[in-house]
Amino acid sequence: MKKERGICILCGEEKSGTPAGRDIVISLARKIRSALKMKEKHTIACGECLAECGKKRQRFEKMIWNYRIYAALFFLLLLGGAFAMGNFTLWLVLPGLLGAAFISLLPAFHYFPKFSF
Ligand SMILES: [Zn+2]
């Protein structure tokens, strides 16, 4: 894996290390930086922090799956509950989907980039 010079996401020091994988968040951050004419700084994980960064990424990915399950449960409980109480209408599908979408987006606040080893 090619090393790049940048700011370590954990210790915040400028060194060379493994660059963050280019996903939608990283590409967006780079676009914003260049639009604001800020100096391009790569997000990296330095040698000492790389292992910890891998763990954080794993936790983040696990969280995404957990929240997808919560979202599905929320949707099923809302519609199933309404159905059981005999006041099910198709209009419940919309707030059900909106609520489920909101729940599945919550892990985004804990976003952590992927570093390839
Ligand atoms: Zn570091």
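Bear in mind the structure is a predicted one, so any value in this text is a computation, not a measurement. (Residues numbered from 1 in each chain as written. Predicted model: local features only at pLDDT ≥ 70, side-chain atom pairs only at ≥ 80, totals over all residues.)

*Asks:* Mind laying out the overall build of the protein chain, listing which residues take part and the relevant values?
*Replies:* Scanning the protein chain from N- to C-terminus turns up 3 helices and 3 strands. When its helices and strands are written in sequence order, the protein chain yields β-β-α-β-α-α. For 117 residues, the compact-globule estimate of 2.2 N^0.38 gives 13 Å, and the protein chain exceeds it by more than 25% at 20 Å. Once the C-alpha set of the protein chain is aligned to its principal axes, its extents read approximately 60 × 30 × 20 Å. The 117 residues of the protein chain split such that 14% are buried. Restricting to contacts in the protein chain with at least 6 residues of sequence separation, those with at least 24 account for 75%. (Helix = DSSP H or I, 4+ residues; strand = E, 2+ residues; numbered from the N terminus. Rg over C-alpha atoms; globule rule 2.2 N^0.38 Å. Buried ≥ 20, exposed ≤ 12 C-beta atoms within 10 Å, placed from the backbone. Contact = placed C-beta atoms within 7 Å.)

*Asks:* How would you sum up the nonpolar core? Please name residues and give values.
*Replies:* Side chains of a nonpolar character, in soluble globular proteins, are inclined to be buried together. Core analysis: the largest hydrophobic core is formed by 8 residues, namely C8, A20, I44, A45, C46, C49, C53 and F115. Setting aside chain neighbours within four positions, we find I44 in contact with E4, G6, I7, C8, G17, T18, P19 and A20. (Core = buried A, V, L, I, M, F, W, Y, C linked by C-beta atoms within 7 Å.)

*Asks:* Could you give an account of the packing of helix α2 (residues 50–84) against helix α3 (residues 93–105), naming the residues involved and the relevant values?
*Replies:* Where α2 meets α3, the axes come as close as 8 Å, and the angle between the chain directions of the two elements is 160°. Relative to α3, α2 is oriented roughly antiparallel. α2 and α3 meet at a crossing whose hand is right-handed. Across the interface between the two elements, Y67, R68, Y70, A71, A72, F74, F75, L78 and L79 from α2 touch G96, G99, A100, I103 and S104 from α3. When the residues that make up the contact of α2 with α3 are grouped by side-chain class, the tally is 10 nonpolar, 3 polar and 1 charged. (Axes fitted to C-alpha atoms, helices over the stretch in contact; angles between N-to-C directions. Parallel < 35°, antiparallel > 145°, perpendicular 65-115°, else oblique. Left-handed = near helix turned anticlockwise from the far one by under 90°. Nonpolar A, V, L, I, M, F, W, Y, C, P; charged D, E, K, R; others polar.)

*Asks:* Explain unusual backbone geometry to me, using residue names and the numbers behind them.
*Replies:* Phi is positive for K37, which is not a glycine, with a value near 60°. The class of K37 is exposed, set by 6 C-beta atoms lying within 10 Å.

*Asks:* Can you tell me about the pairing of strand β1 (residues 4–8), naming the residues and giving the values?
*Replies:* As paired elements, β1 and strand β2 (residues 14–19) share 4 bridges and run antiparallel to each other. The residue bridging E4 from the neighbouring strand is G17, located in β2. (Pairing = 2+ DSSP bridges.)

*Asks:* For the environment of M63, give the residues involved together with the corresponding values.
*Replies:* With respect to the element layout, M63 can be found in helix α2. When the C-alpha atoms of M63 and F88 are compared, they prove to be 31 Å apart, with 25 residues separating the residues in sequence. Residue contacts for M63: discarding those within four places in its chain leaves P107 and H110.

*Asks:* Run through the confidence of the model for the protein chain, naming residues and quoting values.
*Replies:* For the protein chain, the mean per-residue pLDDT works out to 92, and 98% of the residues sit at or above 70. Model confidence for the protein chain, summarised as mean pLDDT per element, is weakest for helix α1 (residues 24–35) at 89 and strongest for α2 at 96. (pLDDT = per-residue confidence, 0-100.)

*Asks:* Explain the pairing of β2 to me, and be specific about the residues and the numbers.
*Replies:* Following β1, the chain reverses through 5 residues before pairing antiparallel with β2; G12 in that reversal takes a positive phi of roughly 75°. Across 2 bridges, the pairing between β2 and strand β3 (residues 43–45) is antiparallel. Its bridge partner lying in β3, P19 is registered against I44.

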